[in-house]
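# Survey of secondary and tertiary structure
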Amino acid sequence: AELLIDPLTGVGSRRAFEEREAQEGEVFVLCDVDGLKWTNDHLGHAAGDALLWVVGGVLGRFAEKDGAATIFRLAGDEFAFVLVPHDEGVLWDRVGTLIGRLGRLRHASTTWRDAAGAEWGLSGAAVTWGEGVTLAEADADLLAEKVRRLETEERAPRGERPPGLRVERGEA
């Protein structure tokens, strides 16, 4: 059972995603955490882990609130929601609600300690997302959304500091 839960974020693991029973009519929403590479490269892996932890926690609460959505961490900075229809007429409304909630990540914050023991705070995280009735369709939509957000400067190029990400050193 431990292998089915991602130990860092507490959401379902890639293995759990692959072993789940597919259901007819399910919809996928893929989420890619903006700025994980920059965070790891400039603030250290403890900060990157803190970023993933806070994003996983927020996404997990979204899934719990929906009641018929499950969240999985597929790889480093990629999460997947699987929404199953419990009322066909409102499935896409639920997807829209979920995507609307993703903007709330900007209000989530976390702290971590660096190697010297100093406390730091991180807030303003964001994700880019794609949706589809197949995983391949959601992935293609995610890639298109990444390009769109790069063009509008809502997302930084890989390895650059993401807009809106705030880092503060705590009191010594």
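Please refer to the structure higher up on the page.
Residues numbered from 1 in each chain as written. Predicted model: local features only at pLDDT ≥ 70, side-chain atom pairs only at ≥ 80, totals over all residues. Heavy atoms only, no water.

### A look at the side chain of Ser13
Counted only if it meets this: The secondary structure listing takes helices from DSSP runs of H or I that are at least 4 residues long and strands from runs of E that are at least 2 residues long, numbered from the N terminus. Accessibility here uses a 1.4 Å probe with only protein chains present; expressed as a share of the type maximum, an area under 20% marks a residue as buried, one over 50% as exposed, and anything in between as partly exposed. Note on contacts: a residue pair qualifies if any of its non-hydrogen atoms lie within 4.5 Å across the two residues.
With respect to the helices, strands and loops of the structure, Ser13 is situated in the segment before α1 (14-19). Residue class for Ser13 comes out buried when judged on its relative accessible area of 8%. Excluding anything up to four places from it in sequence, Ser13 contacts Leu3, Leu4, Ile5, Asp6, Phe72 and Arg73.

### Quick word on the packing of aromatic side chains
Put simply, the rule is: Any two of the Phe, Tyr and Trp rings considered here, Trp counted by its six-membered ring, make a pair once their centres fall within 6.5 Å; the pair's planes then place it as stacked at under 30 degrees, edge-to-face at over 60, or tilted in between. Charge-over-ring contacts are defined here by two conditions on Lys NZ or Arg CZ: a distance within 6 Å of the ring centre and an angle within 35 degrees of the ring normal.
Summed over the entire model, instances satisfying the criterion amount to three aromatic pairs. On the basis of an interplanar angle of 70° and a centroid distance of 5.4 Å, the ring pair of Phe17 and Phe72 is categorised as edge-to-face. Of the two residues, Phe17 sits in helix α1 while Phe72 sits in strand β2 (residues 69-75), which places them 55 residues apart along the sequence. Given the relative accessible area of 9%, Phe17 is considered buried. Judged by its relative accessible area of 5%, Phe72 is buried. Ring pairs connect the aromatic residues Phe17, Phe28 and Phe72, which therefore count as one cluster. One Lys or Arg, Arg20, reaches over the ring of Phe17 and ends 4.5 Å from the middle of that ring.

### Topic: the sheet that holds strand β4 (residues 109-113)
Quick reminder of the rule: Two strands qualify as a pair provided DSSP detects at least 2 bridges between them. Only the contacting stretch of a helix is used when fitting its axis, a line to C-alpha atoms as for every element, and angles between N-to-C directions run 0 to 180 degrees.
Spatial strand order, β4-β5-β7: three strands in an open sheet with antiparallel pairing. In the strand order of this sheet, the two ends are held by β4 and β7 (166-169), each with one partner. Within this sheet the neighbouring strands show an average axis-to-axis angle of 20°, counted without direction. Pairing of β4 with strand β5 (residues 119-123), which is carried by five bridges, proceeds in the antiparallel orientation. Opposite Thr110, over in β5, you have Leu122 as the bridge partner. Sheet strands in contact with helix α3 (residues 45-66) are β4 and β5, and its direction is about 150° off that of β4.

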